[in-house]
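# Report on the structure
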Amino acid sequence: MTRKIFLLTVITIFVIACGASSDDDPDSGNVTDGFDRGALLTNLADNLIIPAFQDLNVKLTTLKTDKDAFISVPDQTNLDVLRASWLSAYKAWQHVEMYNIGKAEGILYSFQMNVYPVSTIDVEANVSSGGYDLTHTNNNDAVGFPAVDYMLYGIADDDATILGKYSDAKYKTYLSDLINQMQSLTETVLDDWTSSYKATFVSSTSNTVTSSLNKLINDYIFYYEKGLRANKFGIPGGVFSTSPLPEKVEAFYSKELSKELALEALNSVQNIFNGKHYSSNTTGESFKSYLVYLERNDLVTLINSRFDAARVKIETLDANFSTQINTDNAKITEAFDALQLVVVSLKVDMLQAFNISVDFVDADGD
């Protein structure tokens, strides 16, 4: 009888232990807090992600049209129109760069769209040779928005000389190939979202390292920490080096746009946090509403206040971050510090609230 009681006790403990493990392990697949992850994923897909990619694709299509007109008649009017289209698309890009999931992850989309600083040596070598594979990893720093920045603003010291460069068919061909590739890659990612990937994305509601919300939140935080905080501010501001590196700002050759792009990126990440629909004031299920459901209104208030405080710091900067770094770099590092406070709230506090583990290693040493 004693032996039976002992066995029953062991079995009971084992069952309880298994149940506890299933509830507490982030990789177990069970979501036990009761929040509707499917509704959050659906709002993100339908009202933020897909509309942002659609808008980017439309603007890149316009960029292609304006590029064709410029190549046909490379005059100042067409150059100005082309530059405006490039900026419009670049601003739209700030709303999709963090979605490194699905097809975008598979084709290394972001590496082919916005690696900066651009290697002008590689660009000029490609132009000169006329033989290149723009999809090769060796050309990641010679393609995308930064390469077009160089082609439209940096290949000569003034507009008249820039226009003269486009009497050479090789420059026309390279500019055309760059923009065509950007639009084609974007269309590939968008087509995947609107055909099959959306269904896969919204149905993956478990809490595992490979489930949609876990991957997306990690990509979102990684982008904020690396793509926004480090790349736009920390690296050019010299936070990770012995001296500032003003040549490493985004949109270096166009001179006056790095602040505008940074503010666009910050607005984008805050909108995602709050579930604000793309190009609309309507909101839906989001990281914010998930935290509210978990009774972490304090964290919602803190994160939004820190986003707002970082924006105030950025708004005081010169439109040209290179100029700002060279004249008063302390303001760049102050903006970096303000952005860093949000990293702590997102990467530690929010992930702990959601019971999600970090799936990347930060190499910045901070």
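All values reported here derive from a predicted model rather than from experimental measurement. (Residues numbered from 1 in each chain as written. Predicted model: local features only at pLDDT ≥ 70, side-chain atom pairs only at ≥ 80, totals over all residues. Heavy atoms only, no water.)

## Looking at the overall build of the chain
We apply this condition: Runs of E in the DSSP output that reach at least two residues are strands. Runs of H or I that reach at least four are helices, and both are numbered from the N terminus. Three labels apply to residues, based on accessible area from a 1.4 Å probe with only protein chains included: buried if under 20% of the type maximum, exposed if over 50%, partly exposed otherwise in between. In this tally, Lys and Arg are treated as positive and Asp and Glu as negative; His is ignored, and so are the chain termini. Where a charge sits is defined by one atom per residue type, namely NZ (Lys), CZ (Arg), CG (Asp) or CD (Glu).
Looking only at helices and strands, one finds 13 helices and 0 strands in the chain. Oriented by its inertia axes, the alpha-carbon framework of the chain measures out at about 100 × 45 × 40 Å. Considering the chain as a whole, with its 366 residues, one finds that 48% of them fall into the buried category. Charged side chains of the chain number 28 positive and 48 negative; the gap between the two group centres comes to 2 Å.

## A short note on the UniProt feature "domain: Imelysin-like" (unreviewed entry) in the chain
For the record, the criterion: UniProt positions are given in the numbering used here, feature names are shortened, and annotations may be inferred rather than shown by experiment.
In this structure's numbering, the residues bearing the UniProt feature "domain: Imelysin-like" (unreviewed entry) are residues 49–339. Its end C-alpha atoms 23 Å apart, residues 49–339 is made of 67% helix and 0% strand.

## Comments concerning the packing of aromatic side chains
Keep this limit in mind: Centres within 6.5 Å are what make two rings of Phe, Tyr or Trp a pair, Trp counting through its six-membered ring; a difference in plane orientation under 30 degrees is then read as stacked, over 60 as edge-to-face, and the rest as tilted.
Considering all chains together, one arrives at 24 aromatic pairs under this definition. Ring centres of Phe233 and Phe321 lie 5.3 Å apart, and the angle between their planes is 50°; on these two criteria the pair is classed as tilted. One end of the pair, Phe233, is in helix α9 (residues 212–234); the other, Phe321, is in helix α13 (residues 321–354), and 88 residues separate them in sequence. Note on accessibility: Phe233 and Phe321 belong to one class, buried. Residues Tyr290 and Phe354 carry aromatic rings whose centres are separated by 4.1 Å and whose planes lie at 20° to one another, so their mutual orientation is stacked. Here the residue Tyr290 occupies a position in helix α11 (residues 287–293), and Phe354 occupies one in helix α13, the gap between them amounting to 64 residues. Looking at Tyr290, the relative accessible area reads 0%, which means it is buried. One aromatic cluster is present, formed by Phe53, Trp86, Tyr90, Trp93, Tyr99, Tyr109, Phe145 and Tyr153 through successive ring pairs.

## A word on the confidence of the model for the chain
Note the threshold: Looking at any residue, its pLDDT shows the predictor's confidence there, from 0 to 100. Whether two residues are in contact is decided by their heavy atoms: any pair within 4.5 Å suffices.
Considering every residue of the chain, the mean pLDDT works out to 92; 90% of them sit at 70 or more. Predicted confidence is poor over residues 1–28, with pLDDT under 50, and the contacts of this stretch with residues over four places away or in other chains come to 14 contacts.

## Topic: the pattern of salt bridges
Operational definition: A side-chain nitrogen of Lys or Arg and a carboxyl oxygen of Asp or Glu constitute a salt bridge if their distance falls within 4 Å.
Following the criterion strictly, the structure yields 11 salt bridges and no others. We note a salt bridge from Lys198 to Asp46, for which the minimum N-O separation is 2.6 Å. With Lys198 in helix α8 (residues 169–203) and Asp46 in helix α2 (residues 37–72), this residue pair connects regions lying 152 residues apart in the sequence. The salt bridge involving Lys91 is made with Glu260; its shortest N-O contact spans 3.1 Å. Of this pair, Lys91 sits in helix α3 (residues 76–93) while Glu260 sits in helix α10 (residues 258–274), and the two are 169 residues apart along the sequence. The exposure class of Lys91 is partly exposed, given its relative accessible area of 25%. The exposure class assigned to Glu260 is partly exposed, which follows from its relative accessible area of 30%.

## A look at helix α5 (residues 120–129)
What counts, and what does not: The arc refers to the directions leading from the helix axis to the C-beta atoms.
Every buried residue of α5 is listed here: Val123, Asn126 and Val127. For α5, the buried positions fall inside an angular range of 100° around the axis, keeping them on one side. Where α5 is buried, its residues touch α6 (144–154) and α8. Downstream of α5 by a residue or two, Gly130 has a phi angle that is positive, lying close to 75°.

## Comments concerning the nonpolar core
Our working definition: Residues enter a nonpolar core if they are buried and are Ala, Val, Leu, Ile, Met, Phe, Trp, Tyr or Cys, with the set joined through side-chain atoms within 4.5 Å.
Ranked by size, the top nonpolar core spans 105 residues in total, and within it Phe233 and Phe287 carry the most contacts. Not counting residues within four places of it along the chain, the set of residues in contact with Phe287 comprises Leu40, Leu44, Leu213, Ile217, Tyr220, Ile272, Phe273, Met350 and Phe354.

## So, the environment of Lys248
Looking at where Lys248 falls in the secondary structure, it is placed in the loop between α9 and α10. Residue classification places Lys248 among the partly exposed residues on the basis of a relative accessible area of 29%. Note: C-alpha distance between Lys248 and Phe233 (15 residues apart in sequence) is 9.4 Å. For Lys248, the contacting residues outside a window of four places in its chain are Tyr116, Pro117, Asn231, Ile235 and Pro236.

## Considering unusual backbone geometry
Backbone torsion omega between Tyr116 and Pro117 reads 5°, so that peptide bond is classified as cis. Structurally, Pro117 can be placed in the loop between α4 (103–106) and α5. The phi dihedral of Leu108 falls on the positive side, at around 55°, and the residue is not glycine. Residue position: Leu108 is located in the loop between α4 and α5. Overall, the relative accessible area of 39% leaves Leu108 in the partly exposed class.

## Section: the side chain of Asn304
Convention followed: N or O atoms closer than or at 3.5 Å make up a polar contact, with two conditions inside protein: a donor-capable atom paired with an acceptor-capable one, and, for residues adjacent in sequence, both atoms drawn from side chains.
Checked against the element boundaries, Asn304 lands in helix α12 (residues 297–315). Within the local environment of Asn304, its side chain forms a polar contact with the side chain of Gln270, the two groups lying 3.0 Å apart. At 3.0 Å, the side chain of Asn304 and the side chain of Asn274 are in polar contact. Excluding residues that lie within four positions of it along the chain, Asn304 makes contacts with Gln270, Phe273 and Asn274.

## Let's talk about the environment of Asn320
Note on placement: Asn320 falls in the loop between α12 and α13. Filtering out sequence-adjacent residues up to four positions away, Asn320 remains in contact with Lys255, Glu256 and Ser258. Within polar-contact distance, the side chain of Asn320 engages the backbone nitrogen of Ser322 at 2.9 Å.

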